[in-house]
Amino acid sequence: MKAFVVSLLLLLGAWGSAAAQQPTPQQQTELERQRWNKVLTGKQPGYVFNQEPNALLAESIKGRTPGTALDVGMGQGRNAIYLATQGWDVTGIDIADQAVALAQEKAKQAHVTIHTALQSDADYDFGTNRWDLVAFIYAGGRRYVEKVRQSLRPGGIVVIEGFHRDATQGRRIGEDVVFDTDELKKLYAAAGFKILRYEEPEGIGDFGMQRVRLVKLVAQKP
């Protein structure tokens, strides 16, 4: 009996040590990939998101000559496909491989072409003077101000929509898509961008489809 108890304690101790270990960056990326594959392909019960093009993005390209566009965190392609239908040469990046495959399928159905890369925004090479538009629609935008500035052509714009800090009251939202008051405006203005539009309105967020406070930025590289 004593030997059994000792073995049990050792087993529990080993389990506790393993449980206490934090996932590696690679494991965390894989967990995120699996999660977003479920969400963006409709396999996550109870999770809803806007499957139509983002309204801010659609408004921001009105009257602009189509060029090259980068859709960061493209998901199942709602924004990339919309841009392509408007004449833009679009590249979308995302780690969710099933969602990207769905985007390519939908693009074929819409009779447009989109380019895709299965990479995180951290690993993807934005390039230099490459884009006329970079979009972060509920996909961040805080960490890559300098990468965006370098990668945009003169006159190119960056379009960002995410959640205001107020939206986290009573709900969990990933930190990358949560912004403080005037945070994005200050970041991009300090990098030399011209702020074309900045708002912190209440509205229906594209993810969760609940009425919350949002952050919207459109800024132009001189």
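All values derive from a computational prediction rather than experimental measurement. (Residues numbered from 1 in each chain as written. Predicted model: local features only at pLDDT ≥ 70, side-chain atom pairs only at ≥ 80, totals over all residues. Heavy atoms only, no water.)

**Thoughts on the pairing of strand S5 (residues 152-164)**
By the criterion of burial, S5 is predominantly enclosed, with 10 of the 13 residues buried. Read as a crossover between parallel neighbours, the route from strand S4 (residues 131-137) over helix H6 (residues 145-151) to S5 is right-handed. Bridge count between S5 and strand S9 (residues 211-220): 7 bridges; the pairing is antiparallel. Residue Ile160 lies in a different strand from S9, and its bridge partner there is Leu217. (Buried < 20%, exposed > 50% of the residue type's maximum accessible area, 1.4 Å probe, protein only. Helix = DSSP H or I, 4+ residues; strand = E, 2+ residues; numbered from the N terminus. Right-handed = clockwise from strand over helix to strand, strands pointing away. Pairing = 2+ DSSP bridges.)

**Re the pattern of salt bridges**
Considering all chains together, one arrives at 14 salt bridges under this definition. Linking Glu202 and Arg211 is a salt bridge whose minimum nitrogen-to-oxygen distance equals 3.8 Å. Grouping residues by exposure puts Glu202 and Arg211 together as exposed. Ionic contacts of the salt-bridge type, sharing partners, join the residues Glu59, Arg197 and Glu199 into one network. (Salt bridge = Lys/Arg side-chain N within 4 Å of Asp/Glu carboxyl O.)

**Points about the nonpolar core**
Among the nonpolar cores identified, the biggest contains 35 residues, and Leu83, Ile114, Leu133, Val159 and Phe163 are the most heavily contacted of them. Excluding its chain neighbours within four sequence positions, the residues that come into contact with Val159 are Leu56, Leu57, Ser60, Leu133, Val134, Ala135, Phe136, Ile137, Leu217 and Val218. Counting residues in each nonpolar core, the second largest holds 23 residues, with Val72, Val148, Leu184 and Val215 among its members. (Core = buried A, V, L, I, M, F, W, Y, C linked by side-chain atoms within 4.5 Å. Contact = heavy atoms within 4.5 Å.)

**Quick notes on a nonpolar patch on the surface**
Taken together, the side chains of Val48, Ile204 and Met209 present a nonpolar region at the surface, about 250 Å² in accessible area. Here Met209 shows up in the loop between strand S8 (202-204) and S9. Here Met209 falls in the partly exposed class, since its relative accessible area comes to 38%. (Patch = residues over 30% accessible without salt bridge, like charges linked within 9 Å, V, L, I, M, F, W, Y side chains within 5 Å. Areas by Shrake-Rupley, 256 points an atom, 1.4 Å probe, with all protein chains shown as cover.)

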